[in-house]
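Analysis of the macromolecular model
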Amino acid sequence: MRYYNLSEGNFKTGKLTENEMWEAFHWLFSDKSVNDSSYKFIFLKSIIDCMDRKDEFDKISFDILFERFTSISWNLVLKYGISQKIKSIGKKATVLEQELQDFLVLNGYDRYVPIEEIDDEKRRKLVFKIKQGCKRYVIGALFGDMKELLYSFSKKEQWIKLNPQMEVFVIKHKNVIESLNYCKWASFYEKINSDETKNHIISLLDKDFEKRKNESIYRTLLAYEFEREMDMSKVNTIELLFMAEDSEENAEIINRNNIEEELFQDYSNMRKYLANPIDLIGKLKRNKGIEV
């Protein structure tokens, strides 16, 4: 089925097990999920950030989602110059990139400005254009990649409605899901962007915000943009495991790439390691011939 072409879709009903919900995310973050652009990563982040902005019918409007989608994308495209799609001869940049870049030119900006400096009316018009251009494929594509479990949607009425079971699951595992989304998002950027882009990002990052050992500059950037104000009281054990990279003992053993690779071998392992991250440290040490 060509999910990206769907005009509407309904989430599957019936009692879901934890296994089924983990398996849906495992599929999304695996190599089986095809990504021509960064849209799915940005849209999932937008949904998670807007889960508390439902209306009286438990729906989240496209206006709300794409307002956040635009805000997330603003710095990535205009400040850091990150390509959002694989470049090839005869293919244009994404609609997202074109709309953002055209916006600056048409409104007389000759340099990057923070989105907060754009007046409300201009911003609303920009969000409308990005919504119109980006909703065509990403909503149905993410719906399909999540095995029709995460949400229902209507492109005509312009809303999504979260599956209550999945909503509870995402809230419970929010830090883990976001970390995995950032890892795959960063990996996608790493594959399609040039060394020149990397150097540009490094020149712009706050020098006090150091790249963590063995971590890609794109993962560092996503942390810089979206995780600096993390509430440590709500950090999940797997995020603490990621942070263990900074310890001298584990510096050469643990990094996000190794963790990601091990987690994605199959979802049963992922669940085991999320329940007890110390097992994952042990596995990574054994892989390097270190006794545990």
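Above: the structure in question.
Residues numbered from 1 in each chain as written. Predicted model: local features only at pLDDT ≥ 70, side-chain atom pairs only at ≥ 80, totals over all residues. Heavy atoms only, no water.

Before going further, it helps to spend a moment on the packing of helix H4 (residues 95-106) against helix H5 (residues 120-145). Two numbers describe how H4 lies on H5: the axes approach to 9 Å, and their chain directions differ by 160°. When the interaxial angle is binned, H4 and H5 end up roughly antiparallel. For the crossing formed where H4 meets H5, the hand is right-handed. Contacts from Val95, Leu96, Glu99, Leu100 and Phe103 in H4 reach Lys122, Leu126, Lys129, Ile130, Gly133 and Cys134 in H5. Class assignment for the residues of the contact of H4 with H5 results in seven nonpolar, one polar and three charged. (Axes fitted to C-alpha atoms, helices over the stretch in contact; angles between N-to-C directions. Helix = DSSP H or I, 4+ residues; strand = E, 2+ residues; numbered from the N terminus. Parallel < 35°, antiparallel > 145°, perpendicular 65-115°, else oblique. Left-handed = near helix turned anticlockwise from the far one by under 90°. Contact = heavy atoms within 4.5 Å. Nonpolar A, V, L, I, M, F, W, Y, C, P; charged D, E, K, R; others polar.)

Here the structure, examined in full by the defined rule, presents 15 salt bridges. Between Asp195 and Lys198 there is a salt bridge whose closest N-O contact spans 3.8 Å. Residue Asp195 and its partner Lys198 are both found in helix H8 (residues 195-204); the two are separated by three residues, about one turn of the helix. The exposure class of Asp195 is exposed, given its relative accessible area of 54%. (Salt bridge = Lys/Arg side-chain N within 4 Å of Asp/Glu carboxyl O. Buried < 20%, exposed > 50% of the residue type's maximum accessible area, 1.4 Å probe, protein only.)

In spatial order, the strands read S1-S3-S4-S2; together these four strands make up an open sheet with antiparallel pairing. The strands lining the two open edges of the sheet, one partner per strand, are strand S1 (8-9) and strand S2 (59-61). Bridging between S1 and strand S3 (residues 151-154) involves two bridges; their strand directions are antiparallel. In the strand pairing of S3, Gly9 is matched with Phe153. Contacting S2, S3 and strand S4 (159-162), helix H3 (residues 62-79) runs over the sheet at an angle of about 55° to S2. Relative to S3, H5 is tilted by about 155°, and along the sheet it contacts S1 and S3. (Pairing = 2+ DSSP bridges.)

Among the structural elements, Val77 can be located in helix H3. The spacing of Val77 and Gln98 is 21 residues in sequence and 9.7 Å in space, taken between C-alpha atoms. The residues touching Val77, leaving out its near neighbours within four places in the chain, are Ile82, Gln84, Glu97, Leu100 and Gln101.

Looking now at H3. The end-to-end C-alpha separation of H3 is 25 Å, in line with the 26 Å expected for 18 residues at 1.5 Å each. A bend of about 35° at Ser73 is the largest found in H3. Within H3, 13 of the 18 residues are buried, which leaves it mostly tucked inside the rest of the structure. With its phi angle positive at about 70°, Gly81 sits one or two positions after the end of H3. (Expected span 1.5 Å × (residues − 1). Bend = angle between axes of the 7 residues up to and from the residue.)

A positive phi angle is found at Asp58, which is not glycine, with a value near 65°. Within the element layout of this structure, Asp58 appears in the loop between helix H2 (39-49) and S2.

This brings us to the pairing of S3. Of the two faces of S3, the one carrying Tyr151 and Phe153 and the one carrying Ser152 and Ser154 are both buried. For S3 and S4, the ladder comprises four bridges, and the chain directions are antiparallel. Looking across to S4, one finds that Ser152 is bridged to Lys161. Linking S3 to S4, which pair antiparallel, is a turn of four residues; within it Gln158 sits at a positive phi near 65°.

Limitation: the analysis is restricted to geometry and does not speak to function.
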